[in-house]
Amino acid sequence: MENTKSNKKIIAAAAAAVVIVALMVILYIRLRPEAAQGSKSITITVVAQDGTETSYSVQTDAEYLRGAIEDAEGLTVEGTESEYGLMVDTVNGVRADYTLDGAYWSFLVNGEYCNYGVDEQVVNDGDEFQIVYTPA
């Protein structure tokens, strides 16, 4: 009898966990930012380790930042592909490796840290992006 009650509790907990995960997925899908269609004019500014800035005016149809970066003439980014998209570690030939020197590349949109990676960060007309070398 006790074993049956214990099994019912385990099944109920598992069912509750499945419902919670399903609700989280639904909320993510409904609340994530929608990609903006059409042509956009944006600015991408790279702030190097020494503080020098290089700005790129970009005309793009890209919906996400990675595509806009690829459209920026003279701007190069490299990194590792992961299940979360491109993890940028090199910008314009300068590597920021957190495991080696505690540095990383910060991504900002309109003065605020991006909430998404370059593959999911939505690009809207008039956006101003910054890619900043950030030491620890």
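This structure is a prediction, so every number in the text was calculated from the model and none was measured.

Enquirer: Go over the sheet that holds strand β3 (residues 77-82), please, and point to the residues and values.
Expert: The three strands lie next to each other as β3-β4-β5, forming an open sheet whose pairing is antiparallel. The two strands at the open ends of the sheet, each matched to only one other strand, are β3 and β5 (94-95). Sheet topology note: the strand β4 (residues 85-91)/β5 ladder contains two bridges and is antiparallel. Directly across from T90, in β5, lies its bridge partner R95.

Enquirer: Which residues make up the packing of aromatic side chains, and what values do they have?
Expert: Taken as a whole and judged by the stated rule, the model has two aromatic pairs. Aromatic pair W105 and Y133: ring centres 5.4 Å apart, planes at 85°, arrangement edge-to-face. One end of the pair, W105, is in strand β6 (residues 104-109); the other, Y133, is in strand β8 (residues 128-134), with 28 residues separating them in the sequence. Classification of W105 as buried rests on a relative accessible area of 7%. Accessibility expressed as a relative area gives 9% for Y133, which makes it buried.

Enquirer: Explain the pairing of β6 residue by residue, including any values.
Expert: Taken residue by residue, a regular strand's side chains alternate between the two faces of the sheet. Where burial is concerned, most of β6 is hidden: five out of the six residues are buried. Sheet analysis places β6 next to β8, joined by six bridges and oriented antiparallel. The residue of β8 that forms the bridge with S106 is V132. The sheet contact formed by β6 and strand β7 (residues 112-113) spans two bridges and is antiparallel. Bridge pairing links L108 to Y113 in β7. The loop that links β6 with its antiparallel partner β7 comprises two residues; one of these, N110, has a positive phi angle of about 50°.

Conventions and cut-offs
- Residues numbered from 1 in each chain as written.
- Predicted model: local features only at pLDDT ≥ 70, side-chain atom pairs only at ≥ 80, totals over all residues.
- Heavy atoms only, no water.
- Pairing = 2+ DSSP bridges.
- Helix = DSSP H or I, 4+ residues; strand = E, 2+ residues; numbered from the N terminus.
- Phe/Tyr/Trp six-rings, centres within 6.5 Å; stacked < 30°, edge-to-face > 60°.
- Buried < 20%, exposed > 50% of the residue type's maximum accessible area, 1.4 Å probe, protein only.

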